[in-house]
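Read off the chains here:
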Amino acid sequence: VDEKEFDGTILDSSKYLDAPAGKHGRLKADGESFVFADGTKAKFWGTNITGQACCPDKETAEKTASRIARCGYNLVRFVDMDKEELTAERLERLSYFQSLLKEKGIYTYFSLLGTAQGDGEDIKDGWKLSGLFDDELIDRQKKFAKTIS
């Protein structure tokens, strides 16, 4: 099935996206709500992209961004992308993918070191909470954040 067949049909929810993402300014918390700098209230409906899928090739990025937009999602959370080194090629792919999402009105959120675990001595995969308390994991998160910014 050619997914472009769905463009503009009742199955295409991309018309509900407020593109491009970021046009209302920075997001802030206002009590129990999220509000952009210009006063626009924010609500998010999102999905996760994990691991290698966070850094797709151009063709896959274009197809995936279009599919996510057609589903009406306005947020993508990148998860578990910190298991492998962010090489220049992976960063370029990530940047291209993120630019496509932004253009369509889809915000992005990075879950840093989401699967790292440990007690400071032995770091393994799978325990998310350690990243809040373990000094080594906090340092790794800072390095990872600098790499993707």
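Residues numbered from 1 in each chain as written. Predicted model: local features only at pLDDT ≥ 70, side-chain atom pairs only at ≥ 80, totals over all residues. Heavy atoms only, no water.

Enquirer: Quick rundown of the overall build of the protein chain? Include the residues and the values.
Expert: The helix and strand inventory of the protein chain stands at 3 helices and 8 strands. Put simply, the protein chain runs from its N terminus to its C terminus through helices and strands in the order β-β-β-β-α-β-α-β-β-β-α. The 149 residues of the protein chain split such that 32% are buried. Considering only intrachain contacts with a sequence separation of at least 6, the fraction spanning at least 24 residues in the protein chain is 66%. Total accessible area computed for the protein chain in this model is approximately 9800 Å², and 51% of it derives from carbon and sulfur atoms. (Helix = DSSP H or I, 4+ residues; strand = E, 2+ residues; numbered from the N terminus. Buried < 20%, exposed > 50% of the residue type's maximum accessible area, 1.4 Å probe, protein only. Contact = heavy atoms within 4.5 Å. Areas by Shrake-Rupley, 256 points an atom, 1.4 Å probe, with all protein chains shown as cover.)

Enquirer: Run through the sheet that holds strand β1 (residues 27-30), naming residues and quoting values.
Expert: Taking strand neighbours across the sheet as the criterion, the 3 strands line up as β1-β2-β3 in an open arrangement whose pairing is antiparallel. The sheet is open, and its two edges are formed by β1 and β3 (41-42), each paired on a single side. Here β1 runs beside strand β2 (residues 33-36); their pairing, made up of 4 bridges, is antiparallel. Each bridged residue has a counterpart across the sheet, and for Lys28 the counterpart in β2 is Val35. (Pairing = 2+ DSSP bridges.)

Enquirer: Can you tell me about the sheet that holds strand β5 (residues 75-79), naming the residues and giving the values?
Expert: The 3 strands lie next to each other as β4-β5-β6, forming an open sheet whose pairing is parallel. The open sheet terminates on both sides in strands that have one partner only, identified here as β4 (46-50) and β6 (107-110). Taking the axes of each pair of neighbouring strands and ignoring which way they run, one obtains an average angle of 25° across the sheet. In the sheet, β4 pairs with β5 via 5 bridges, with the strands oriented parallel. Its bridge partner being in β5, Thr47 is matched across the sheet by Val76. (Axes fitted to C-alpha atoms, helices over the stretch in contact; angles between N-to-C directions.)

None of the figures reported here should be taken as evidence of function without further support.
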